[in-house]
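# What the coordinates show
Below are the chains, spelled out letter by letter.
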Amino acid sequence: MTGCHSPIGRLEPGQPLYLCEGWATGATILKETGCPVACALNAGNLLAVGQELRRRHPAAVLVVAGDDDRQTEVEGKGNPGRIAANRAAVALGCDVVFPSWPAGAPLHLTDYNDLRQWLKRQRRQEAS
């Protein structure tokens, strides 16, 4: 599966092409930005997918949208999502973005989809 990905959306010239781990994260990024996404399906595949995208779409404005596995930092295992995303971005020469966690966001939230779903629940609770 190395280098294979699940594309979401249509690539347009000059528009960012996001590269992320999971499909749900990719769907959230597409919904929130309107930009196409390539879902690598795991952190270890980000670089290979990015390299394949560079080969196929050399003019694409690549942006790695990394997972932030904050809970693994607590367990002393590092942060595999953040490490893989940063490594891929450096090797590809592109930007990298991570979710911006609001105060009170639980540690088990790791990606843009988790954040979106949690924020939706928070808004519903506040409204009731």
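Right, let's walk through the structure included here. Here the structure is a predicted model, which is why all the values come from computation and not from measurement. (Residues numbered from 1 in each chain as written. Predicted model: local features only at pLDDT ≥ 70, side-chain atom pairs only at ≥ 80, totals over all residues. Heavy atoms only, no water.)

What follows deals with the sheet that holds strand β1 (residues 6-8). Here 5 strands make up an open sheet; going across it, the order is β1-β3-β2-β4-β5 and the pairing mixed. Only two strands of the sheet have a single neighbouring strand rather than two, namely β1 and β5 (95-97). Across the sheet, the mean angle from the axis of one strand to that of its neighbour is 25°, orientation sign disregarded. Sheet topology note: the strand β4 (residues 61-65)/β5 ladder contains 3 bridges and is parallel. Directly across from Val63, in β5, lies its bridge partner Asp95. (Pairing = 2+ DSSP bridges. Helix = DSSP H or I, 4+ residues; strand = E, 2+ residues; numbered from the N terminus. Axes fitted to C-alpha atoms, helices over the stretch in contact; angles between N-to-C directions.)

The next point concerns the pattern of salt bridges. Applying the stated criterion across every chain yields a total of 4 salt bridges. Of the charged contacts, one joins Glu32 and Arg116 as a salt bridge, the two residues approaching to 2.9 Å between their closest N and O atoms. Of this pair, Glu32 sits in helix α1 (residues 23-33) while Arg116 sits in helix α5 (residues 112-127), and the two are 84 residues apart along the sequence. Between Arg55 and Glu52 there is a salt bridge, and its shortest N-O distance comes to 2.6 Å. You can see Arg55 and its partner Glu52 sitting in helix α2 (residues 46-56), 3 residues apart, about one turn around the helix. Because the salt bridges share partners, they merge into one network encompassing Glu52, Arg55 and Arg56. (Salt bridge = Lys/Arg side-chain N within 4 Å of Asp/Glu carboxyl O.)

In short, the description is geometric, and any link to function would need to be established separately.
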